[in-house]
There are 2 protein chains.
Amino acid sequence: MALVVQKYGGSSLESADRIKRVADRIVRTRKEGNDVVVVCSAMGDTTDELTDLAQQVNPVPPEREMDMLLTAGERISNALVAMAIESKGAEAISFTGSQAGVITTAAHQNARIIDVTPGRVRQALDEGYIVLVAGFQGVAQDTKDITTLGRGGSDTTAVALAAALNADVCEIYTDVDGVYTADPRIVPSAKHLQQVPYEEMLELAATGAKVLMLRCVEYARRYGVPIHVRSSYNSKPGTLVTGSVEDLSVEQAMITGVSHDRSEAKITVTGVPDNLGVAGKIFRTVADAEIDIDMVLQNVSGTSSGRTDITFTLSKTNGPRAVSELEKLKGELGFEQVRYDDHVGKVSLVGAGMRSHPGVTATFCEALANAGVNIEIINTSEIRISVLIRDEELDTAVRAIHEAFELDGDEEAVVYAGSGR
Amino acid sequence: MALVVQKYGGSSLESADRIKRVADRIVRTRKEGNDVVVVCSAMGDTTDELTDLAQQVNPVPPEREMDMLLTAGERISNALVAMAIESKGAEAISFTGSQAGVITTAAHQNARIIDVTPGRVRQALDEGYIVLVAGFQGVAQDTKDITTLGRGGSDTTAVALAAALNADVCEIYTDVDGVYTADPRIVPSAKHLQQVPYEEMLELAATGAKVLMLRCVEYARRYGVPIHVRSSYNSKPGTLVTGSVEDLSVEQAMITGVSHDRSEAKITVTGVPDNLGVAGKIFRTVADAEIDIDMVLQNVSGTSSGRTDITFTLSKTNGPRAVSELEKLKGELGFEQVRYDDHVGKVSLVGAGMRSHPGVTATFCEALANAGVNIEIINTSEIRISVLIRDEELDTAVRAIHEAFELDGDEEAVVYAGSGR
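Residues numbered from 1 in each chain as written. Chains lettered and ligands numbered in written order. Predicted model: local features only at pLDDT ≥ 70, side-chain atom pairs only at ≥ 80, totals over all residues. Heavy atoms only, no water.

Asks: Quick question: what am I supposed to make of the overall build of chain A here?
Replies: Broken down by element type, chain A carries twelve helices and 22 strands. Here the C-alpha atoms of chain A give a radius of gyration of 23 Å, agreeing with the 22 Å that 2.2 N^0.38 yields for 421 residues. Its C-alpha atoms give chain A principal-axis dimensions of roughly 80 × 50 × 35 Å. For chain A, with 421 residues in total, the buried portion stands at 57%. Taking the intrachain contacts of chain A between residues at least 6 apart in sequence as the baseline, contacts between residues at least 24 apart amount to 76%. Of the accessible surface of chain A, which amounts to about 17,400 Å², a share of 46% is contributed by carbon and sulfur atoms. Charged side chains in chain A number 40 positive and 60 negative. The centres of these two groups are separated by 3 Å. (Helix = DSSP H or I, 4+ residues; strand = E, 2+ residues; numbered from the N terminus. Rg over C-alpha atoms; globule rule 2.2 N^0.38 Å. Buried < 20%, exposed > 50% of the residue type's maximum accessible area, 1.4 Å probe, protein only. Contact = heavy atoms within 4.5 Å. Areas by Shrake-Rupley, 256 points an atom, 1.4 Å probe, with all protein chains shown as cover. Lys, Arg positive; Asp, Glu negative; His and termini not counted. Charge placed at Lys NZ, Arg CZ, Asp CG, Glu CD.)

This is the structure we're talking about:
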């Protein structure tokens, strides 16, 4: 008997009918002889609706109360799924994150899981129940307050429970049937991938592939939990995320896929005096505001002016705040100006094979040049190349790279709108 | 500095605007120098909407999961009120029933409070917070499952917290500004009551006055918590429920008010053999089905036939079930038939003064006779007279009795639609 953890996103739970279909799948998994733990996101637009309400009563709602508010959404969906399962003749029981032993830091809205103590879940499984656990939420170790895990939180809950219960697999049900060589909405001929090693999935998630959140993949890799990404709407085999790139044979695909990201903006600090420590001061200021930066470009210095430009990218949501923090430094550092540009896009190529194939970067750049796409910043890891380009050229760039590396599949992907939390 | 517990019903919280108005009142109470604990019901129709959803996925939803589902409603409203308070510059913190230490039996959907251990509430008050507690819910002592308290549960939460915290008063905000000598929708000239002793309020609540639930008044009486019933929509003085009828001076009002109830049905078992134990068997059968009965009438027996009729009233919701249980006894007991009648109404007169005024019952019956209302069953306590009549005569009967005992006030009542949980 296997232990299977399944996670369902909000769009697969947006109505009573969809909830019943999810219940069918869960009961089927149970009848196939598995122990089943299920993690559900909030139904459809619940989270957005609750956030709207909060904004109406307080434009800057306190984070602790936001967590209290939003976690109600998962409690509702999990209880409804439990009821739907019972109506199909199986026994189900739902737990809040706290009841399921999801212990977190006290960082409201973005808590980290410290420990999972799934005693009640284990006991309920032993008693023959299908166990539902409200995703996205936990309880703070110190304050005993209710916390949420931030974006992709329900996926992380599922993987963390799978790790703590030593589950055989963590199935993530979403609106696509797995991981593709590119977003099928941009590249309809994108190929479905049957298996992706953790490292490659990390790079894909970090560079904009939305099918799995970075944190969830990191967690799965650390604890060796196989993640099976599947569609809520069909029975296709999905994509298994497991194993290391080290285990790949030389014959296996050199390049895994192309990802893209429209969520970043670019900040350029111009006319920065080329003195020791000035760049450090700029990045320290951004870091002190708890803003993560992604790509960095420092133009070659040593011009006659003794000045240089420093460019970096960051999430658009943090853009205005970073600009205003940097403006405060102008007097002290003596730079010319802070330029903000939110019409950029990032396209990345990921593949373990590129380590041993030196021509990859050249092919990548040629493909973009042939498509008339100008590269603003380039950034690489052992198994990834990323470039920053104009946002209106993003689709063209994704297609050009996908074609240059001959990633096309034979079958067209099925894509549904919406996505879970 | 006083400690005030306030409870707000669902209709006073049905929109962001109403939530902000409630927050205004709470902050004002705090600024007047009081410690404030607030218990909120779920917003507007939330509970009905969640119940509908549950019905759609499972026509007989399991009670444990119903509690998990419905308690999300209060969590949402309490978090929103906390946010609204913060936006007005005061500090607020919300707790679930479980976090606030509301310990109950494990009887899902209708749990009883066993104990309240408000350590976290007390601490938050000491730290200067306005404390919000989700009403209607608790945690089962043995199973640690989330429970709900049944109808009127949020009022009971408020009174129980007031008792445990030794609060000075428990203010119940509702859609009327207190208790009247009759339902002002039926008797527009009904008089507002400034104070009602616990015993009279118990009788009024038990006989259909909806302003307070019976359980909440019982709890308040047992622990001596003064309840102040006030309107959410104005600043009128409301009604204070406190004290004993024993403390009333002889000069005080002899009669407090007229209540009515449309929620009951009547069952008559006809042609019951007039043997010892048969009536007992009938009532035992009903009791074994966990159905409460209210009024009872056994017709005078000793007719030549040796048979009698047994009539009793019960809640309409239990009617069909009681009938089917009784039908099963037909063969064994040999009665003729079970008649079901859900077109009955009950009107009651409550007042401590009637103990020492023997003419009350006569005046009561004369008033009904003059209005052409026929009495089907009559039932009395020391401080109450109730009669069962046809439901279409209920309004006429209420007005006739109200007039006969000269209960009219000078001011017209303000009535709003809707009511809380």
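Asks: Before we go on, may I ask you to explain the UniProt feature "binding site: ATP" (unreviewed entry) in chain A in this structure?
Replies: Residues and elements named next belong to chain A. Here the UniProt feature "binding site: ATP" (unreviewed entry) sits at Lys-7, Tyr-8, Gly-9, Gly-10, Thr-174, Asp-175, Tyr-180, Arg-185, Lys-210 and Val-211. Maximum C-alpha separation among the annotated residues is 23.6 Å over a sequence range of 205 residues, too wide for a single clustered spot. Among the annotated residues just listed, those that line the second largest pocket are Lys-210. With residues up to four places along the chain from it excluded, the contact list for Tyr-8 reads Leu-13, Val-22, Arg-25, Ile-26, Val-38, Val-39, Cys-40, Ser-41, Tyr-173 and Ser-232. With respect to the secondary-structure elements, Tyr-180 resides in strand β10 (residues 179-180). Of the residues examined, Tyr-180 reaches a relative accessible area of 10% and is grouped as buried. Side-chain polar atoms of Tyr-180 contact the side chain of Asp-177, separated by 2.7 Å. (UniProt positions renumbered as here; feature names shortened; annotations may be inferred. 1 Å grid on protein atoms, 1.4 Å probe; cavity = no way out; pocket = protein on both sides within 12 Å on 5 of 7 lines; lining within 4 Å. Polar contact = N/O pair within 3.5 Å; in protein donor to acceptor, adjacent residues only side chain to side chain.)

Asks: For this particular structure, what's the right way to read the pattern of salt bridges?
Replies: Once their charged atoms are close, side chains differing in charge can pair, the charge on each being opposite to the other. Applying the stated criterion across every chain yields a total of 39 salt bridges over all chains. A salt bridge links Glu332(A) to Lys281(A), with the shortest nitrogen-to-oxygen separation between them at 3.1 Å. One end of the pair, Glu332(A), is in helix α10 (residues 330-333); the other, Lys281(A), is in helix α8 (residues 278-288), with 51 residues separating them in the sequence. With relative accessibility at 51%, the residue Glu332(A) sits in the exposed group. Judged by relative accessible area, Lys281(A) falls into the partly exposed class, the value being 40%. Residues participating in the shared-partner salt-bridge network are Arg64(A), Glu65(A), Asp145(A) and Arg120(B). (Salt bridge = Lys/Arg side-chain N within 4 Å of Asp/Glu carboxyl O.)

Asks: So what exactly am I meant to see when it comes to the layout of surface pockets here?
Replies: To find leftover empty space, one rolls a probe the size of a water molecule over the atoms. Residue and element names in this part refer to chain A. Size it by volume and the second largest pocket reaches roughly 1,500 Å³. Looking at the second largest pocket, it is lined by 32 residues, and the ones nearest its centre are Arg-151, Met-213, Asp-292, Ser-315 and Thr-317. Residue assignment for the lining of the second largest pocket shows that the elements contributing at least two residues are α6 (198-206), α7 (214-223), β17 (293-298) and β18 (307-315). Here the lining of the second largest pocket is composed, by residue class, of twelve nonpolar, eight polar and twelve charged. (Points joined across faces, edges and corners; volume = space filled by probe spheres on them. Nonpolar A, V, L, I, M, F, W, Y, C, P; charged D, E, K, R; others polar.)

Asks: I keep staring at the packing of helix α2 (residues 46-57) of chain B against helix α3 (residues 63-87) of chain B and nothing clicks. Help me out?
Replies: To describe two helices that pack against each other, one gives the angle between their axes and the distance between the axes. Residues and elements named next belong to chain B. The interhelical angle for the contact between α2 and α3, taken along N-to-C directions, is 150°, at an axis separation of 9 Å. Classified by the angle their axes make, α2 and α3 are roughly antiparallel. Considering the relative orientation of α2 and α3, their crossing is right-handed. Residues Thr-46, Thr-47, Leu-50, Thr-51 and Ala-54 of α2 touch α3, and the partners they reach there are Met-66, Leu-69, Leu-70 and Gly-73. Here the contact of α2 with α3 is built from residues that sort into five nonpolar, four polar and no charged. (Axes fitted to C-alpha atoms, helices over the stretch in contact; angles between N-to-C directions. Parallel < 35°, antiparallel > 145°, perpendicular 65-115°, else oblique. Left-handed = near helix turned anticlockwise from the far one by under 90°.)

Asks: Would you mind going over a negative patch on the surface with me for this structure?
Replies: Taken together, the side chains of Asp45(A), Asp48(A), Glu49(A) and Asp52(A) define an acidic patch exposed on the protein surface. The topology assignment puts Asp45(A) in the loop between β2 (35-40) and α2 (46-57). (Patch = residues over 30% accessible without salt bridge, like charges linked within 9 Å, V, L, I, M, F, W, Y side chains within 5 Å.)

Asks: How do you make sense of the nonpolar core when you look at a structure like this?
Replies: Considering soluble globular proteins, one finds that nonpolar side chains tend to be buried as a cluster. Judged by nonpolar contacts, the single largest core of 72 residues is most densely connected at Leu69(A), Leu80(A), Ile85(A), Leu69(B), Leu80(B) and Ile85(B). Here Ile85(A) is in contact with Ala23(A), Ile26(A), Val27(A), Ala90(A), Ala92(A), Ile130(A) and Leu132(A), once residues within four sequence places are set aside. (Core = buried A, V, L, I, M, F, W, Y, C linked by side-chain atoms within 4.5 Å.)

Asks: What's the story with the sheet that holds strand β5 (residues 113-116) of chain A in this structure? I'm lost.
Replies: In a beta sheet, neighbouring strands are held together by backbone hydrogen bonds and run either parallel or antiparallel to one another. Residues and elements named next belong to chain A. Ordered in space as β5-β4-β7-β8, the four strands form an open sheet in which the pairing is mixed. Because the sheet does not close on itself, it has two edges, and the strands there are β5 and β8 (146-148). Across the sheet, the mean angle separating the axes of adjacent strands is 45° when strand polarity is ignored. Judged from the three bridges that link them, strand β7 (residues 137-140) and β8 form a sheet pairing that is antiparallel. Counterpart to Gly-138 in the pairing with β8 is Thr-147. Sitting on the sheet, helix α3 (residues 63-87) touches β7 and β8, and the angle it makes with β8 is about 75°. Its contacts with the sheet place helix α5 (residues 153-164) against β5 and β7, and it is angled at close to 40° to β5. (Pairing = 2+ DSSP bridges.)

Asks: Explanation requested: the sheet that holds strand β21 (residues 377-381) of chain A in the structure shown.
Replies: Residue and element names in this part refer to chain A. Strands sit in the order β15-β20-β22-β21 across an open sheet of four strands; the sheet is antiparallel. Either end of the sheet is taken by a strand with one partner, and the two such strands are β15 (257-261) and β21. This sheet shows a mean twist of 20° between the axes of neighbouring strands, independent of strand direction. As paired strands, β15 and strand β20 (residues 344-350) are joined by five bridges and run antiparallel to one another. Pairing of Val-258 across the sheet is with Leu-349, part of β20. The strands touched by helix α11 (residues 360-370) are β20, β21 and β22 (384-390); relative to β22, the strand with the most contacts, the crossing angle is about 20°. Running at roughly 15° to β20, helix α12 (residues 394-404) makes contact with β15, β20 and β22 of the sheet.

Asks: I would appreciate a short explanation of the interface of chain B and chain A in the present structure.
Replies: How large an interface is tends to be reported as the accessible area lost when its parts come together. The interface of chain B with chain A comprises 39 residues on the first partner and 40 residues on the second. Regarding the contact of chain B and chain A, the summed buried area is about 3,300 Å², with carbon and sulfur atoms giving 66% of it. Ranking the residues of chain B by area buried against chain A places Val57(B), Arg75(B) and Met83(B) at the top, with a combined share of 23%. Run the count over chain B and chain A and you get two salt bridges. With its nearest N and O atoms 2.9 Å apart, the salt bridge here joins Arg120(A) to Asp145(B). For the side of chain B that touches chain A, the elements supplying multiple residues, two or more each, are α1 (16-31), α2, α3 and β3 (92-95) of chain B. Per-element tally for the side of chain B that touches chain A: the top contributor is α3(B), with 16 residues. (Buried area = accessible area lost by both parts, 1.4 Å probe.)

Asks: Help me understand empty space enclosed by the protein in this model?
Replies: All names here are of chain B. Within this structure, the stated rule accounts for one cavity of 30 Å³ or more. In this structure, the largest cavity occupies an estimated 50 Å³ of space. Lining the largest cavity, in full, are Ser-12, Arg-18, Arg-21, Val-22, Ser-232 and Tyr-233. Tallied by class, residues from the lining of the largest cavity come to two nonpolar, two polar and two charged.

Asks: What is the right way to look at the relation of the copies chain B and chain A in this model?
Replies: The pair of chain copies shares a relation made of a rotation about an axis and a shift along it. Under the fitted operation, chain B is carried onto chain A by 0.1 Å of movement along the axis and a turn of 180°, and the coordinates agree to an RMSD of 0.1 Å. What the superposition gives is, in effect, a two-fold axis relating one chain to the other. Across chain B, the rotation axis passes nearest the C-alpha of Ala72(B), at a separation of 2.5 Å. Take the interface residues of chain B: 100% of them recur as interface residues in chain A, which is what a same-surface contact looks like. (Least-squares fit on C-alpha atoms with pLDDT ≥ 70 in both.)

Asks: Could you clarify how one ought to interpret the packing of aromatic side chains in this entry?
Replies: One pair of aromatic rings is described through two measures. These are the centre distance and the angle between the planes. Residue and element names in this part refer to chain A. Under the counting rule described, the total for this entry stands at six aromatic pairs over all chains. Pairing Phe-283 with Phe-312 gives two aromatic rings, centres 5.7 Å apart and planes at 70°, and the pair type is edge-to-face. A residue pair is termed long-range when its members are at least 10 positions apart, and Phe-283 in helix α8 and Phe-312 in strand β18 qualify at 29 residues. Judged by its relative accessible area of 22%, Phe-283 is partly exposed. The ring of Tyr-219 carries Arg-222 above its face, with NZ or CZ at 5.4 Å from the centroid. (Phe/Tyr/Trp six-rings, centres within 6.5 Å; stacked < 30°, edge-to-face > 60°. Lys NZ or Arg CZ within 6 Å of the ring centre and 35° of its normal.)

Asks: What am I meant to see in helix α4 (residues 119-126) of chain B here?
Replies: In an α-helix there are 3.6 residues to a turn, and that puts residues three or four apart on one side. Residue and element names in this part refer to chain B. Turning to α4, its buried residues number three or more, namely Val-121, Ala-124 and Leu-125. Each buried residue of α4 sits inside an arc of 100° when the element is viewed along its axis, so together they form one side. Positive backbone phi, at 95°, marks Gly-128, one or two positions downstream of α4. (Arc of directions from axis to C-beta.)

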